[in-house]
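A structural walkthrough
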Amino acid sequence: MTDVPVLEVDRIGVSFAGRTILDAVSFEIRAGEFTGLIGSNGVGKTTLLRIILGLQRPGTGEVRVLGAPLSRHRRSLGYVPQKVVLDPDVPLRSRDLVALGLDGQRFGFSRRTKEQRARVEEMLDAVDARRFADSRVGSLSGGEQQRVLIAHALVSRPLLLLLDEPLANLDPGSVQEIVALLHRVSADHGVSVLLSAHEMNALLPVMDRIVYLTDGRAASGTTDEVVRSDVLSRLYGHHVDVLKLHGRVLVVAEPGTDAGDIPDHPTLTAF
Amino acid sequence: MHLLFEPGFFASGPVRTAVVIGGVAAVVSAVVGVFTVVRSQSFAGHALTDIATTGGSGAFYLGFNPLAGFIGGGVVGAGAMDLIGVQRVRSRDVATGIVLGAATGLAALFLYLDTTSSATTGATQQILFGSIFTIDRSTVPVVVVLSVVTLVGMAVIRRPLLLHSVSPELATVRGVAGRGIGLAFMLALAVSVGLSSVAIGSILSTALLIGPAAAALRVTRSIGAATVVACGLGIATTWLGILLAYDSADWVRSGQGLPVSFFIVVLTFLSYLVTGVPAVRRLAGRPGRHPAPADPAPADRAPADRAPAAPAEG
């Protein structure tokens, strides 16, 4: 039972208006693993996440959750979308938004049980949101909103948490906090995490696996298996170097090659 | 007591009918209004009042109860707006504008016919600005049943509706059918506009829909609290408006009371102004920002998509 992957992405392909967005992308996520989906902006990360969630149909290929078709286990997935705009004029407390993660889809009159209320409090503590539990979510800072959204996604006990660019538009301090938080929550609650980002360095200490996406193709494995000059050069179709400096990784293309699709490619001045 | 409650106020049959219908309409408007404001659909609410005017004036001309026209017009309008809503934003605005124009033109025709056929200008006043003291008592059961159905419906859909109002994306992920929720809410909006059209007239019904809800949202911390406060404000302004209008017969020389709608709208506007005063909001305990100890809030919003990696220079 335990060796059935939580998520299998099997040769997913998507084309739009004659352009290939995703080309036979495959990877697996096992229980409790922390996976980074790394690629530059516009490379298809959001499309891939939406396909995994069943919000969009793939052209080819299949997504399986616990070995079964997606529809069977949709409830097992939690999602933090990119750019959730929360209005400061709406009287919705952090606590309310987390509770809607439990029953936001439910019609009817049922009141929340004691267990459900306790679960909400537990999640508020898990993401360190106790301090602003009674504040309007719309009035919180980006990092604080991100925590509340993570609690909202986790409160229904998903097996896999998907996050679309949760670190974009955060200051470096908040990035570290959110990464540490996700790592801790993943370990404490036995949740697998799939997180998309256009920058991998903040994730290097916590990533079990990486899915490196460029030009519709993906390479996946441990960071050491994937973030290598030969693997990434094959993926990009031209030579790139992988430099490891002070625990950070830089993917560098030769001067003159198009480096636009390299995530967080450093600006190189002339040698 | 005499100063406020003129003799005969409670004994008057029309007053009792007005109090019941006004109160019920205020409650439905408040409950629906809170979500209307949260969903930023005030314009849709206003659009529905125009279409309800057409329905109400048409029903009056044909000799039906205007309530049937208000609600019938609103429901048809809600359905039409939902159909139009499928298209792109710009064409949706254009189409809404054109449909509204046509509906209002039709209302002009019906109101003209109403006035000429019944040889009174009362029809225009009654449809557009309401005349709560002249409502037939037989309308009361219909109003109450419609209100109960709407309130029960709102209670049933409240959680998916709230989640969808906060973020359509979060709702979709949880399997909420946004289309169905949106349509159900538009229907509730149509009924609510119809009920308050009876109370204060079709043109002014938006005031009862948006006013108390917007005021309540300023001073509360949760949707539940906002709904309760909006109901309270709505009932208070409506009943006080009825009382003042009844009393006003003694204020003017003609002995004719001033329109109820005028008082209700003025009171609603005042309540909105008062809830905007910072001291009132603090009194209500509405949190602005939470007291954040050494929280780098402004920096948090700054784009920082580049990690502070040492650029390879040499």
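Here, the structure is the one placed above.
Structure report, in brief. (Residues numbered from 1 in each chain as written. Chains lettered and ligands numbered in written order. Predicted model: local features only at pLDDT ≥ 70, side-chain atom pairs only at ≥ 80, totals over all residues. Heavy atoms only, no water.)

1. Things to note about the side chain of Arg119 of chain A
All names here are of chain A. The residue Arg119 is located in helix α3 (residues 114-126) in this model. A relative accessible area of 7% means that Arg119 is categorised as buried. For Arg119, the side chain forms a polar contact with the main-chain oxygen of Val155, separated by 2.9 Å. Contacts of Arg119, omitting those with residues within four sequence positions, involve Leu102, Leu154, Val155, Arg157 and His189. (Helix = DSSP H or I, 4+ residues; strand = E, 2+ residues; numbered from the N terminus. Buried < 20%, exposed > 50% of the residue type's maximum accessible area, 1.4 Å probe, protein only. Polar contact = N/O pair within 3.5 Å; in protein donor to acceptor, adjacent residues only side chain to side chain. Contact = heavy atoms within 4.5 Å.)

2. Quick notes on the packing of helix α9 (residues 205-219) of chain B against helix α10 (residues 223-247) of chain B
All names here are of chain B. The interhelical angle for the contact between α9 and α10, taken along N-to-C directions, is 130°, at an axis separation of 8 Å. With respect to their mutual orientation, α9 and α10 come out oblique. Where α9 crosses over α10, the two elements pack in a sense that is right-handed. Within the contact between the two elements, α9 uses Leu208, Pro212, Ala213, Ala215, Ala216, Leu217 and Val219 and α10 uses Ala226, Val229, Ala230, Leu233, Gly234 and Thr238. A breakdown of the residues in the contact of α9 with α10 according to their chemical character gives 11 nonpolar, two polar and no charged. (Axes fitted to C-alpha atoms, helices over the stretch in contact; angles between N-to-C directions. Parallel < 35°, antiparallel > 145°, perpendicular 65-115°, else oblique. Left-handed = near helix turned anticlockwise from the far one by under 90°. Nonpolar A, V, L, I, M, F, W, Y, C, P; charged D, E, K, R; others polar.)

3. Comments concerning the packing of aromatic side chains
Residue and element names in this part refer to chain B. As enumerated under the stated definition, the model contains three aromatic pairs over all chains in all. Centre to centre, the rings of Phe262 and Phe263 are 5.2 Å apart; their planes meet at 70°, and the pair counts as edge-to-face. For Phe263, a relative accessible area of 8% translates into the label buried. Each member of the aromatic cluster is reached from another via a ring pair, and the members are Trp251, Phe262 and Phe263. (Phe/Tyr/Trp six-rings, centres within 6.5 Å; stacked < 30°, edge-to-face > 60°.)

4. Regarding the packing of helix α1 (residues 13-38) of chain B against α10 of chain B
All names here are of chain B. Where α1 meets α10, the closest approach of the two axes is 8 Å, and the angle between their N-to-C directions is 145°. Considering only the axes of α1 and α10, their crossing is right-handed. Counted together, Val15, Ala18, Val19, Gly22, Gly23, Ala26, Val27, Ala30, Val31, Val34, Phe35 and Val38 of α1 and Ile223, Ala226, Thr227, Ala230, Cys231, Gly234, Ile235, Thr238, Trp239, Ile242 and Tyr246 of α10 form the full contact between these two elements. Along the lines of polarity and charge, the residues of the contact of α1 with α10 split into 18 nonpolar, five polar and no charged.

5. Description of empty space enclosed by the protein
If you walk through the whole model with that rule in mind, you get three cavities of 30 Å³ or more. Of the voids in this model, the largest cavity is the one considered here, and its volume is about 100 Å³. Lining the largest cavity are Arg74, Arg75, Leu77, Gly78, Tyr79, Gln105, His152 and Ser156 of chain A together with Leu170, Val173 and Arg174 of chain B. Sorting the residues of the lining of the largest cavity by element identifies β6 (77-80) of chain A together with α7 (168-173) of chain B as the ones contributing at least two each. With three residues, β6 of chain A is the single largest residue contributor to the lining of the largest cavity. Class assignment of the residues belonging to the lining of the largest cavity gives a composition of four nonpolar, four polar and three charged. (1 Å grid on protein atoms, 1.4 Å probe; cavity = no way out; pocket = protein on both sides within 12 Å on 5 of 7 lines; lining within 4 Å. Points joined across faces, edges and corners; volume = space filled by probe spheres on them.)

6. Examining the pairing of strand β12 (residues 248-253) of chain A
Residues and elements named next belong to chain A. Burial within β12 is extensive, with five of its six residues counted as buried. Pairing geometry for strand β11 (residues 240-245) and β12, over six bridges, is antiparallel. From the neighbouring strand, Lys244 faces β12, where its bridge partner is Val249. Linking two consecutive strands that pair antiparallel, namely β11 and β12, is a turn of two residues; a positive phi of about 50° is found at His246 within it. (Pairing = 2+ DSSP bridges.)

7. Observations concerning unusual backbone geometry
Residues and elements named next belong to chain A. Within the chain, Arg11 stands out as a residue other than glycine whose phi angle is a positive 50°. Relative to the helices and strands, Arg11 is located in strand β1 (residues 7-16). Taking the relative accessible area as the measure of exposure, Arg11 reaches 52% and is therefore exposed. For Ala24, which is not glycine, the phi torsion reads 50° and is therefore positive.

8. Things to note about the pattern of salt bridges
Residue and element names in this part refer to chain A. Counted under the stated rule, the structure contains 22 salt bridges over all chains. Between Arg64 and Glu8 there is a salt bridge, and its shortest N-O distance comes to 3.3 Å. With Arg64 in strand β4 (residues 60-65) and Glu8 in strand β1, this residue pair connects regions lying 56 residues apart in the sequence. The two residues Arg64 and Glu8 agree in class, both being buried. A salt bridge links Glu121 to Arg95; the shortest N-O distance between them is 2.9 Å. With Glu121 in helix α3 and Arg95 in helix α2 (residues 94-103), this pair connects stretches of sequence that are 26 residues apart. Residue classification places Glu121 among the partly exposed residues on the basis of a relative accessible area of 24%. A network of salt bridges, in which partner residues are shared, links Glu8, Asp10, Arg11, Glu62 and Arg64. (Salt bridge = Lys/Arg side-chain N within 4 Å of Asp/Glu carboxyl O.)

That is the geometry; function is a separate question.
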